[in-house]
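Chain by chain, the residues run as shown.
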Amino acid sequence: MMRFRRMDHWSFLFGEIALYCFAVLTITGGLLAFLFDPDMSRTIYDGSYAPLRGVGVSKAFASTLDISFEVRGGLLLRQIHHWAALIFIAAVCVQLLRLFFTGAFRRPRGLHWLVWIGVLLLGMAAGITGGILPDDMLSGGSLGLIQGVTQSIPVIGTFLAGLLFGAEFPGEQVIPLFFWLHVLLLPAAIAGLLLVRRWLVRRHGHTYFAGAVPARTAPSSLALFVATCAVLSLLGTFAQINPIWQYGPYQPGAISAGSVPGWYMGFLDGAIRIMPGWEVTVFGYTLTLAVLVPALLVPGAFFTVLAAYPLIERKLTGDRGVHHVLDRPREAATRTAVGAAGVAFYGLLWAAAANDQIAYNFHVSLYAVTWFFRVAVFAGPLLAYAITRRLCLYLAEQERETAQHGLETGVITMTPEGGFREITTPLDRPAVNGPPAAI
């Protein structure tokens, strides 16, 4: 009977980590939903947190403080939920990177790729809506950004902002609306996509590297779930996150120092910071390019190209075959270089969100830092592409040389003709795109 070599590559774990984080989010979010009051009407806080006693706050903010200080285990529940949200999106991002750099999006798994992109976008939307619910200074800053982005949409922007916020900003309807999006619609959509992903895996099977097939067992998967829950519990216990009592209740026109949104929104913040303050008038309508381009056009183009990349690569290469064996990044130099350029573009925008902190801590001009990132977001991806492609080609050439001549041993012998040569040993490695090795 033919058996295949067991292969549990560490890069295959990120999809499961995302799934288990979502399970934790569902449990903790369900409990928090019963304790939270999504009401923006004003009240006077009279809870146990003395520094804010007697301050006018929204009922949503007061409810969040009560969960943190009055409910037994409430703060732990909030922090586990918040950490799980951050790690969930991080795991989805790394899963997409694995699919891209190994070519796991090729036929017949193009739909797998779109499912994970959908999960990422829905997860980001869930993170944004959840971060706004406490109605603190941090969520108020996010609301202001949403208002500005919505109003920058040509022709219908003001109308959409009115539907979202009502007659005045921030109004009293946006948090109740986001509450139902956050606790019901978005989780249901994410769960639906994860079920589709599960069905696709059953239909198409798992991908694998040359020479091995994945052989995950139920006990190892259960151990990973327990480990994920344990890490999230430790983070929720010892690593403070989103201390809204320090930020204070939202006050339009004010902002708290040191309060920033989730890491996954850093690229959007950075793009807005380095965009010049351009405005143009077209047919009587003023287009605020300083917000429209970085907040809508750039992310829209980025995710559109990301979603369409399997079709783009298939069109450019003419490869319409079915692939179950994964590539190593060095074996697809152009694809790997494109991925490195995309990561560089995203990373530079993400770093640009800290342009003020960079200028302050390194004692340089904020103007100079901003112009550096304006140039770097164009030059950086090109440089990353060139270096990565050259590196992949070099590594692939080195492997071909080793496969042809064998491994160097460092032992030098004299030939009968009086010359010298090094003794090499044959390279014992399965073919790159060959069948799994039988044992």
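These numbers come from a predicted model, not from an experiment.

**Q** Tell me what's going on with the packing of aromatic side chains, and back it up with residues and numbers.
**A** Tallied over the full model, the rule gives 18 aromatic pairs. Considering the side-chain rings of Phe100 and Tyr309, the 4.8 Å spacing of their centres and the 50 degrees angle between planes classify their relative orientation as tilted. Of this pair, Phe100 sits in helix H3 (residues 74-101) while Tyr309 sits in helix H11 (residues 289-317), and the two are 209 residues apart along the sequence. When sorted by exposure, Phe100 lands in the same class as Tyr309, which is buried. Ring-pair connections join several aromatic residues into one group, and the members of that group are Phe100, Phe101, Phe105, Trp113 and Tyr309.

**Q** Describe the environment of Thr288, naming the residues involved and giving the relevant values.
**A** Along the chain, Thr288 turns up in strand S4 (residues 285-288). Note on Thr288: relative accessible area 24%, which makes it partly exposed. Separated by 136 residues in the primary sequence, Thr288 and Ser152 place their C-alpha atoms 5.9 Å from one another.

**Q** If you had to explain the pairing of S4 to someone new, which residues and values would you point to?
**A** Note that strand S3 (residues 279-282) and S4 share four bridges and pair antiparallel. Bridged to Val280 within S4 is Leu287. Adjacent in sequence and paired antiparallel, S3 and S4 are bridged by two residues, among which Phe283 carries a positive phi angle near 55 degrees.

**Q** I'd like to hear about the nonpolar core, residue by residue, with values.
**A** Phe88, Val92, Trp116, Val119 and Met124 are the most contacted members of the largest nonpolar core, which totals 57 residues. Setting aside anything within four residues of it in sequence, one finds Met124 in contact with Ile89, Tyr264, Met265, Phe267 and Phe303. Core analysis: the next-biggest nonpolar cluster, separate from the first, contains 16 residues, Met40, Ile67, Leu77 and Phe179 among them.

**Q** Tell me about a nonpolar patch on the surface, residues and numbers included.
**A** A cluster of nonpolar side chains, contributed by Val155, Ile156, Phe159, Leu160, Leu163, Val280, Val282, Phe283 and Tyr285, occupies part of the molecular surface with about 910 Å² of accessible area. Within the residue set of the nonpolar patch, elements represented by two or more residues are helix H6 (157-165) and S3. When residues in the nonpolar patch are grouped by element, the largest group, three residues, is from H6. Mapped onto the elements, Leu160 comes out in helix H6. By relative accessible area, which is 31% here, Leu160 ends up partly exposed.

**Q** I'd like a description of the pattern of salt bridges, backed by residues and values.
**A** Two side chains with opposite charge may pair up if their charged atoms get near one another. One pass over the structure, following the stated rule, counts ten salt bridges. A salt bridge links Arg273 to Asp356, with the nearest nitrogen and oxygen atoms 2.9 Å apart. One end of the pair, Arg273, is in helix H10 (residues 266-274); the other, Asp356, is in helix H13 (residues 355-361), and 83 residues separate them in sequence. Here Arg328 and Glu399 are joined by a salt bridge, their closest N and O atoms 2.4 Å apart. Highlighted residues: Arg328 in the loop between H11 and helix H12 (333-352) and Glu399 in helix H14 (residues 366-405), separated in sequence by 71 residues. In the salt-bridge network here, residues are joined through shared partners; they are Arg106, Glu313, Asp327 and Arg335.

**Q** So what's going on with helix H7 (residues 174-204)? Which residues, and what values?
**A** Here H7 is 31 residues long and its end C-alpha atoms lie 42 Å apart, about the 45 Å a rise of 1.5 Å per residue gives. Val174, Ile175, Phe178, Phe179, His182, Leu186, Ile190, Leu194, Arg197, Leu200, Val201 and His204 are the residues of H7 that are buried. Packing partners of the buried residues in H7 comprise helix H1 (14-35), helix H2 (59-69), H3, helix H4 (110-132), helix H5 (137-151) and H6. Trailing H7 by a residue or two, Gly205 shows a phi angle of about 80 degrees, which is positive.

**Q** Explain the side chain of Ser152 to me, using residue names and the numbers behind them.
**A** The residue Ser152 is located in the loop between H5 and H6 in this model. The contact partners of Ser152, leaving out residues within four places of it in the chain, are Thr288, Val291, Leu292 and Leu296.

**Q** An account of the environment of Phe372 is needed here, citing residue identities and associated values.
**A** Relative to the helices and strands, Phe372 is located in helix H14. Considering only alpha carbons, one finds Phe372 and Ala352, 20 residues apart in sequence, at a separation of 9.2 Å.

**Q** So, the environment of Phe69: which residues are in play, and what are the values?
**A** Along the chain, Phe69 falls in helix H2. Taking the relative accessible area as the measure of exposure, Phe69 reaches 32% and is therefore partly exposed. For the pair Phe69 and Ser48, spaced 21 residues apart in sequence, the C-alpha separation works out to 6.9 Å. Ignoring sequence-local partners within four residues, the contact set of Phe69 consists of Ser48, Tyr49 and Trp245.

**Q** A description of the packing of H1 against H7 should follow, citing residues and the corresponding values.
**A** Closest axis-to-axis distance for the H1/H7 pair is 11 Å, and the angle between their directions is 155 degrees. Between H1 and H7, the angle is such that the two are roughly antiparallel. Once H1 is placed against H7, the crossing between them reads as left-handed. Where H1 abuts H7, its residues Leu19, Phe22 and Ala33 lie against Phe179, Val183, Pro187, Ile190, Ala191 and Leu194. Counted by class, the contact of H1 with H7 contains nine nonpolar, no polar and no charged residues.

**Q** I'd like a description of the confidence of the model for the chain, backed by residues and values.
**A** Residue-level pLDDT values for the chain average 87, and 90% of them are 70 or greater. Confidence over residues 429-439 falls short of pLDDT 50; this stretch has 26 contacts with residues more than four positions distant or in other chains.

**Q** Quick rundown of unusual backbone geometry? Include the residues and the values.
**A** Cis rather than trans, the peptide bond between Arg107 and Pro108 has omega equal to 10 degrees. Locating Pro108 in the fold gives a position in the loop between H3 and H4. For Asn242, which is not glycine, the phi dihedral falls at a positive 55 degrees. Among the secondary structure elements, Asn242 is positioned in the loop between helix H8 (218-238) and helix H9 (244-247). On the accessibility criterion, Asn242 (10% relative accessible area) is buried. With a phi angle near 55 degrees, His363 is a residue other than glycine that sits in the positive phi range. Relative to the helices and strands, His363 is located in the loop between H13 and H14.

What counts and how
Residues numbered from 1 in each chain as written. Predicted model: local features only at pLDDT ≥ 70, side-chain atom pairs only at ≥ 80, totals over all residues. Heavy atoms only, no water. Phe/Tyr/Trp six-rings, centres within 6.5 Å; stacked < 30°, edge-to-face > 60°. Helix = DSSP H or I, 4+ residues; strand = E, 2+ residues; numbered from the N terminus. Buried < 20%, exposed > 50% of the residue type's maximum accessible area, 1.4 Å probe, protein only. Pairing = 2+ DSSP bridges. Core = buried A, V, L, I, M, F, W, Y, C linked by side-chain atoms within 4.5 Å. Contact = heavy atoms within 4.5 Å. Patch = residues over 30% accessible without salt bridge, like charges linked within 9 Å, V, L, I, M, F, W, Y side chains within 5 Å. Areas by Shrake-Rupley, 256 points an atom, 1.4 Å probe, with all protein chains shown as cover. Salt bridge = Lys/Arg side-chain N within 4 Å of Asp/Glu carboxyl O. Expected span 1.5 Å × (residues − 1). Axes fitted to C-alpha atoms, helices over the stretch in contact; angles between N-to-C directions. Parallel < 35°, antiparallel > 145°, perpendicular 65-115°, else oblique. Left-handed = near helix turned anticlockwise from the far one by under 90°. Nonpolar A, V, L, I, M, F, W, Y, C, P; charged D, E, K, R; others polar. pLDDT = per-residue confidence, 0-100.

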